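Understanding the architecture of this molecule
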Amino acid sequence: MEYTQLGRTGLKVSRLVLGTMNFGPLTNEADSHTIMDAALDAGINFFDTANVYGWGENKGRTEEILGTWFAKGGDRRDKVVLATKVYGNMAGDGDVWPNHDKLSALNIRRAVDASLKRLQTDHIDLYQFHHIDRSTPVEEIWQAIDTLIQQGKILYAGSSNFPGWKIAQTNETARRLGSYGLVSEQCLYNLVERRAEMEVIPAAQEYGLGVIPWSPLGGGLLGGVIKKEVQGGRRAAGRAADALADTATRARIQSYEDLLDKHGIDPGEAALAWLLTRPGVTGPIVGPRTLEQLESAVRAVGVTLSEEVLSALDEIFPGPGPSPEAFAW
């Protein structure tokens with residue numbers, strides 16, 4: 001496994017991030033523990049979750065699964081850089097109360113204590129804002145975060161799904177208040193969806209944030225979906241199936257798979273390897289449902305994409321271009 005520092009911090013993290021969103025809803029507790037043990041054995045030390053994972057009436061379930069894994073001992077917690085998120089409403093479905101979501105100081109305080117209890121730990125290494133809060137002043141958010149840092153409950157703060165201007169506003173406010181500011185941005189970024197290159201990633205680089213791409217396989221589109229269909233394997237579902245219904249998109253994915261087949265590279269591993277070449281990227285989040293999917297993701301760290309392949313990928317999936325040149329002269 002390769003390691004890098006998270007943004008401008010001295011924190012060393014693996015170039016792959018273990019995403020845990022499937023733990024609970026799709027992968028049972030025992031299998032989730034097996035995957036986490038295998039990830040640690042492979043050198044992955046960066047684990048990402050969120051308080052709402054588990055979804056529906058089971059919100060918080062994923063954090064609980066991590067907590068029971070940490071409780072097994074064996075230095076599991078000490079070896080892991082633990083990241084979770086706050087924003088979503090944690091009240092039961094149909095039982096939505098005010099102040100049980102978003103980024104008010106009150107909800108941040110309530111949410112972090114609840115996450116610590118579920119995770120069975122005394123601190124969270126990276127506490128991330130899952131979405132921007134348009135109604136809470138940034139000053140209030142930093143006041144709450146600085147208090148948690150002083151209490152030793154969290155070490156760093158990060159963002160997720162923030163636009164470039166919000167990254168700038170949030171860190172300029174932190175600078176004015178004498179706070180450390182955001183150290184990471186977790187954004188939607190893959191070969192199919194490259195809009196983050198226009199504003200989000202440049203802002204993250206300017207302010208020293210590590211970029212953590214989520215959905216690196218584009219919801220399954222970049223994992224060899226057409227070949228799997230032809231071979232009678234798992235068919236595309238959800239967003240991937242909807243995307244493939246578009247003739248132009250299907251043609252691009254077919255060109256992508258043909259290119260990688262020509263060079264003998266697994267499509268899913270190529271999609272991850274491509275992200276590892278991108279400026280500002282700390283590491284993509286991989287969310288395996290099975291041990292085999294984790295093993296494939298780990299292999300991607302050792303994949304080297306030639307200039308020929310990288311150029312061909314840019315032709316198939318052109319980026320938006322830099323801002324403002326992408327939309328102005």
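Above this text you will find the structure in question.
Predicted, not measured: the structure shown is a model, and the values here were computed from it. (Residues numbered from 1 in each chain as written. Predicted model: local features only at pLDDT ≥ 70, side-chain atom pairs only at ≥ 80, totals over all residues. Heavy atoms only, no water.)

**Examining the packing of helix α2 (residues 61-70) against helix α4 (residues 105-119)**
Pairs of packed helices are described in terms of their axes, by the angle between the two and the distance that separates them. The following threshold applies: Axis angles are defined between N-to-C directions and span 0 to 180 degrees, where every axis is a line fitted to C-alpha atoms and, for a helix, only to the segment in contact. We count a stretch as a helix when DSSP gives it H or I for four or more residues in a row; a strand needs E for two or more, and each element gets its number in order from the N terminus. Orientation categories follow fixed angle ranges, with anything under 35 degrees roughly parallel, anything over 145 roughly antiparallel, 65 to 115 roughly perpendicular, and all other angles oblique. Note on definitions: a residue-residue contact is assigned when non-hydrogen atoms from the two residues lie within 4.5 Å. Under the grouping applied here, Gly and all other residues not named as nonpolar or charged are polar, the nonpolar ones being Ala, Val, Leu, Ile, Met, Phe, Trp, Tyr, Cys and Pro and the charged ones Asp, Glu, Lys and Arg.
Interaxial distance between α2 and α4 falls to 6 Å at its minimum, and their mutual angle equals 45°. Considered as vectors, α2 and α4 are oriented oblique to each other. Within the contact between the two elements, α2 uses E63, E64, L66, G67 and F70 and α4 uses S115, R118 and L119. Here the contact of α2 with α4 is composed, by residue class, of 3 nonpolar, 2 polar and 3 charged.

**With respect to the packing of aromatic side chains**
Applicable threshold: Pairing of aromatic rings covers Phe, Tyr and Trp, the last counted by its six-membered ring, and requires centre-to-centre distances within 6.5 Å; plane angles under 30 degrees mean stacked, over 60 mean edge-to-face, and any other angle means tilted. Buried residues are those whose accessible area, probed at 1.4 Å on protein chains only, stays under 20% of the maximum for their type, while exposed residues exceed 50% and partly exposed ones sit between those limits.
Across all of its chains, the model carries 7 aromatic pairs by this definition. Summarising the aromatic geometry, the rings of W69 and F70 are spaced 5.5 Å apart at their centres and angled 50° between planes, so their arrangement reads as tilted. The exposure classification of W69 matches that of F70, with both residues buried. Each ring, one from F129 and one from F162, has its centre 6.5 Å from the other, and the planes form 25°; the classification is stacked. Residue F129 is located in strand β6 (residues 124-129), and its partner F162 is located in the loop between β7 (154-160) and α6 (164-177); the two are separated by 33 residues in the primary sequence.

**Concerning unusual backbone geometry**
Along the chain, S323 connects to P324 via a cis peptide bond; the corresponding omega equals 0°. For P324, the position within the fold is in the segment after α13 (307-316). In this model, D75 sits at a positive phi of 60°, which is unusual for a non-glycine residue. Not every positive phi belongs to a glycine, and N161 is a case in point at roughly 65°.

**Description of α2**
Counting buried positions along α2 yields 7 of 10 residues, so the element is predominantly enclosed. Listed in full, the buried residues belonging to α2 are T62, E63, I65, L66, G67, W69 and F70. In the core, the buried residues of α2 are packed alongside α1 (29-41), β4 (46-48), α3 (76-79), β5 (81-86) and α4.

**Details of the pattern of salt bridges**
Counted only if it meets this: We count a salt bridge whenever a side-chain nitrogen from Lys or Arg sits within 4 Å of a carboxyl oxygen from Asp or Glu.
The final tally for this structure, using the stated rule, is 15 salt bridges. Among the ionic pairs, E29 bridges to R61, the shortest N-O distance being 2.6 Å. Note that E29 is positioned in helix α1 and R61 in helix α2, a separation of 32 residues in sequence. Given the relative accessible area of 26%, E29 is considered partly exposed. Its relative accessible area of 29% is what places R61 among the partly exposed residues.

**A look at the side chain of D125**
The test is simple: For this analysis, a polar contact is any N or O atom pair within 3.5 Å, provided that within protein one partner can donate a hydrogen and the other can accept it, and provided that sequence-adjacent residues contribute only side-chain to side-chain pairs.
Along the chain, D125 turns up in strand β6. Polar contacts involving the side chain of D125 include one to the side chain of R77, which spans 3.1 Å. Not counting residues up to four positions away in its chain, the partners in contact with D125 are R77, V80, V81, L82, L155 and Y156.

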